[in-house]
Amino acid sequence: MAHSVDALSSEKQGKKYVGTRHIAVASGGRTDESEMHYAEGKLDLAISALSSAIFLKVRHLTDRRQRRSVDSKFLDECVCYQPMNAELYRRRAEIYIKLCDLQSAVINYRRAVSLDPQHMQSKRRLAGLYYARGNACLEEGNWEKAGTAYKEAIKNDPKSHDYRMGRIRVWFHQHMYQSALTEVEHILKKNPSHIPGRLMRAKIFLSTRKFMLALSDIETSLKAEPDNIQAKRLENSLRDMSRVLYNEAAAFFLSKESHKAITRLNMSIELEPTIKAYRLRATVHRHLNKFTDAISDLKVAVNLFEEREDEPMPEELKEIERQLAVTLNDVGVNLLVARKYGDAILCFEKAVARDSQCTEYWVNLSRALLESGDNAKALATFELTLKVFCSANEKGSASYKYTKSQIAVLRNERGLALANYMDYKNAEIEHTIAINMCDAAIYRYNRAESRLKLLNMTGAFTDISRALELDPSFKPANERYHWLKGKINPR
């Protein structure tokens, strides 16, 4: 390959020097020799020949007389001429790449780019070499050198997304998440369908615990590339993170940090809505007296089970129903305190429907009916409650005694009402039931009055005597006792 050295010399000196043709011929010869060695696979010899062509000295001239005839000023220009040939540096760089000597290739391409900044192919090749160097440093964990290499790659080829992704990976490993996010946003703005950039942004969001944003990027990537392995791995990472958040929430709840538990559970459910997460959040809501939220979570948990049509009703579903009953009961109690009897009764009825063996729900339902003024339903419910106590074998509890006492009160009131209507026979029956529930002086006295109306003096006397045993200070019973004693025994 021949080069016009004469033209360059004439431009600088304003005249031609004798012998420039010999310099050009020698340079071209070395270049041709290099190409021949390259074609034969003799890369070392090709490098040597190109180096000779670049740094052509006077000794390359074959004729000593010609060397002597060339003045020193011309020789200086000849020496300077070949190191300014960018094409020779590009050729030598390519041979170094073949020899896997990337450092030397970088040096030569860098020289070529400095000599010919407009040659875009050289700049792209140099950028690729820097990118390879950055990848090697990244694998070694040398973040600083990797970052510098990627920066040089971007400088020579600013449009390449791959080189920017390299720098983003460095920043990610250095925990410079904001810088990494800004760079990846720049890529996605220009190319929204760039899946590697979208997945890298998902990783950044995961590291900064912005899980829903990460999930959105992962889902978008999987929609575009369903078999993308990295996207599937990130999706699995989200599931793992969901379990981690659930465990953190459970720990916070046990340490009575309910608000932190709710925060963790919210994120866990956003990543992977599971039945156990909804159940735990419902429990935390209940402890925070957020009963509506608790019920909502438990209903979602039930729906998740109902979606599994091919599976039988597991024991866990029964547990959810019981948990829902507990929450409904708590809501009912609060409504009862607020004297919202209708809503309270509705909550207690739903609680009983979900766990019919819990005596507490029955007692609260009965009490709500009683306080609402519906004595007939209250009495019927208290008596059902008593049967539940008997089947549950909880006869010794305070609630059991309360239930019996309330039945006695209601039966006694019904007996008095019947006596007012002169239905003394049924009144006696009501009072008898009251006495069986709770043997109190007032119930004995009221039954005695009904028996007197039925002319059962002996029975009336027996009730009055028992009433005085139960409460000697009960004045009406004292007065009736003396009256009956005279009637039964005149003496």
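Residues numbered from 1 in each chain as written. Predicted model: local features only at pLDDT ≥ 70, side-chain atom pairs only at ≥ 80, totals over all residues. Heavy atoms only, no water.

J.: How would you sum up the overall build of the protein? Please name residues and give values.
T.: For the protein, the helix and strand inventory stands at 26 helices and zero strands. Carbon and sulfur atoms make up 52% of the accessible area of the protein, which amounts to about 26700 Å² in all. (Helix = DSSP H or I, 4+ residues; strand = E, 2+ residues; numbered from the N terminus. Areas by Shrake-Rupley, 256 points an atom, 1.4 Å probe, with all protein chains shown as cover.)

J.: Describe the side chain of His-431, naming the residues involved and giving the relevant values.
T.: Here His-431 is to be found in helix H23 (residues 424-437). Discounting chain neighbours no more than four positions away, the residues touching His-431 are Asn-412, Gly-415, Leu-416, Tyr-443, Asn-446, Arg-447 and Ser-450. (Contact = heavy atoms within 4.5 Å.)

J.: Describe the pattern of salt bridges, naming the residues involved and giving the relevant values.
T.: Within the structure shown, the criterion is met by 26 salt bridges. Between Arg-451 and Asp-463 there is a salt bridge, with its nearest N and O atoms 3.2 Å apart. Of this pair, Arg-451 sits in helix H24 (residues 441-453) while Asp-463 sits in helix H25 (residues 457-470); the two residues are twelve residues apart in sequence, bridging distant segments of the chain. Taken as a pair, Arg-451 and Asp-463 share a single burial class, namely buried. For Arg-466, the salt bridge identified is with Glu-469, shortest N-O distance 3.1 Å. Residue Arg-466 and its partner Glu-469 are both found in helix H25; the two are separated by three residues, about one turn of the helix. (Salt bridge = Lys/Arg side-chain N within 4 Å of Asp/Glu carboxyl O. Buried < 20%, exposed > 50% of the residue type's maximum accessible area, 1.4 Å probe, protein only.)

J.: So what's going on with the packing of helix H18 (residues 315-337) against helix H20 (residues 359-371)? Residues and values would help.
T.: Look at H18 against H20: their axes get within 11 Å of each other, and the N-to-C directions meet at 25°. In terms of orientation, H18 lies roughly parallel with respect to H20. The way H18 lies across H20 gives a crossing that is left-handed. Taking contact as the criterion, the partners of Arg-322, Ala-325, Val-326, Asn-329, Val-333 and Leu-336 in H18 are, on H20, Glu-360, Tyr-361, Asn-364, Arg-367, Ala-368 and Glu-371. (Axes fitted to C-alpha atoms, helices over the stretch in contact; angles between N-to-C directions. Parallel < 35°, antiparallel > 145°, perpendicular 65-115°, else oblique. Left-handed = near helix turned anticlockwise from the far one by under 90°.)

J.: So what's going on with unusual backbone geometry? Which residues, and what values?
T.: Phi angles above zero are rare outside glycine, and His-175 is one such case at about 65°. Looking at the secondary structure, you find His-175 in the loop between helix H10 (161-173) and helix H11 (177-190). His-175 gets classed as exposed once you look at its relative accessible area, which sits at 56%. Despite not being glycine, Arg-339 shows a phi value in the positive range, around 60°. Mapping Arg-339 onto the fold places it in the loop between H18 and helix H19 (341-354). Note on Arg-339: relative accessible area 64%, which makes it exposed.

J.: Please give an account of the nonpolar core that cites residues and values.
T.: Residues Leu-280, Val-284 and Ile-320 are the most contacted members of the largest nonpolar core, which totals 51 residues. One finds Ala-202, Leu-206, Leu-215 and Leu-245 within the second-largest nonpolar core, a separate group that totals 26 residues. (Core = buried A, V, L, I, M, F, W, Y, C linked by side-chain atoms within 4.5 Å.)

J.: Break down the packing of H18 against H19 for me, with residues and values.
T.: Put simply, H18 and H19 touch, their axes get as near as 8 Å, and they point 160° apart. Taken together, H18 and H19 sit at an angle that is classed as roughly antiparallel. Note on packing geometry: the crossing formed by H18 with H19 is left-handed. Listed contacts from H19 to Glu-321, Leu-324, Ala-325, Leu-328, Asn-329, Val-331, Gly-332, Val-333, Leu-335 and Leu-336 of H18 are Tyr-341, Asp-343, Ala-344, Cys-347, Phe-348, Lys-350, Ala-351 and Arg-354. Here the contact of H18 with H19 is composed, by residue class, of twelve nonpolar, two polar and four charged. (Nonpolar A, V, L, I, M, F, W, Y, C, P; charged D, E, K, R; others polar.)

J.: Provide a residue-level description of the confidence of the model for the protein, including the pertinent values.
T.: Chain-level statistics for the protein give a pLDDT mean of 80 and a share of 81% at 70 or above. Segment residues 1-23: pLDDT under 50, and 44 contacts once partners within four positions in sequence are set aside and those in other chains are kept. Contacts for the low-pLDDT stretch residues 57-81, under 50 throughout, to residues beyond four places or in other chains number 33 contacts. (pLDDT = per-residue confidence, 0-100.)

J.: Quick one: what's the story with H19, residue by residue and with numbers?
T.: Under the 1.5 Å per step criterion, the end-to-end length of H19 is 20 Å for 14 residues, consistent within 8% with the ideal 20 Å. Regarding H19, the residues found buried are Ala-344, Ile-345, Cys-347, Phe-348, Ala-351 and Val-352. Each buried residue of H19 sits inside an arc of 165° when the element is viewed along its axis, so together they form one side. The exposed set on the far side of H19, more than 90 degrees from its buried face, consists of Gly-342 and Ala-353. (Expected span 1.5 Å × (residues − 1). Arc of directions from axis to C-beta.)

J.: I'd like to hear about helix H14 (residues 229-254), residue by residue, with values.
T.: An ideal rise of 1.5 Å per residue puts 38 Å on 26 residues; H14 measures up with 38 Å between its terminal C-alpha atoms. Taken as a whole, H14 has its buried residues at Ala-231, Leu-234, Leu-238, Ser-242, Leu-245, Tyr-246, Ala-249, Phe-252 and Phe-253. Along its buried surface, H14 packs onto helix H12 (195-207), helix H13 (211-224), helix H15 (258-271) and helix H16 (275-287). The N-terminus of H14 is capped by Asn-228, whose side-chain oxygen sits 3.1 Å from the backbone nitrogen of Gln-230. Lys-256 sits one or two positions beyond H14 and adopts a positive phi of about 65°. (Polar contact = N/O pair within 3.5 Å; in protein donor to acceptor, adjacent residues only side chain to side chain.)

J.: Can you break down the packing of aromatic side chains residue by residue, with the values?
T.: Per the counting criterion, the structure on display carries seven aromatic pairs. Here Tyr-131 and Tyr-150 contribute two aromatic rings whose centre-to-centre distance is 5.8 Å and whose plane-to-plane angle is 50°, an arrangement assigned as tilted. With Tyr-131 in helix H8 (residues 120-140) and Tyr-150 in helix H9 (residues 143-156), this residue pair connects regions lying 19 residues apart in the sequence. Classification of Tyr-150 as buried rests on a relative accessible area of 0%. On the basis of an interplanar angle of 75° and a centroid distance of 5.5 Å, the ring pair of Tyr-445 and Phe-474 is categorised as edge-to-face. Highlighted residues: Tyr-445 in helix H24 and Phe-474 in the loop between H25 and helix H26 (475-488), separated in sequence by 29 residues. Residue Phe-474 is classed as buried on the basis of its relative accessible area of 17%. A network of ring pairs unites the aromatic residues Tyr-131, Tyr-150 and Tyr-163 as a single cluster. Above the face of the Tyr-246 ring, Lys-276 is positioned so that its terminal group lies 4.6 Å from the ring centre. Here Arg-480 stacks its cationic end above the ring of Trp-483, 5.2 Å away from the centre of that ring. (Phe/Tyr/Trp six-rings, centres within 6.5 Å; stacked < 30°, edge-to-face > 60°. Lys NZ or Arg CZ within 6 Å of the ring centre and 35° of its normal.)

J.: Mind laying out the environment of Asp-355, listing which residues take part and the relevant values?
T.: Position of Asp-355 relative to the elements: it lies in the loop between H19 and H20. Judged by relative accessible area, which is 18%, Asp-355 ranks as buried. Considered as a pair, Asp-355 and Ala-325 are 30 residues apart in the sequence and their alpha carbons are 6.4 Å apart. Once residues lying within four places of it in the same chain are set aside, the contact partners of Asp-355 are Arg-322, Ala-325 and Tyr-361.

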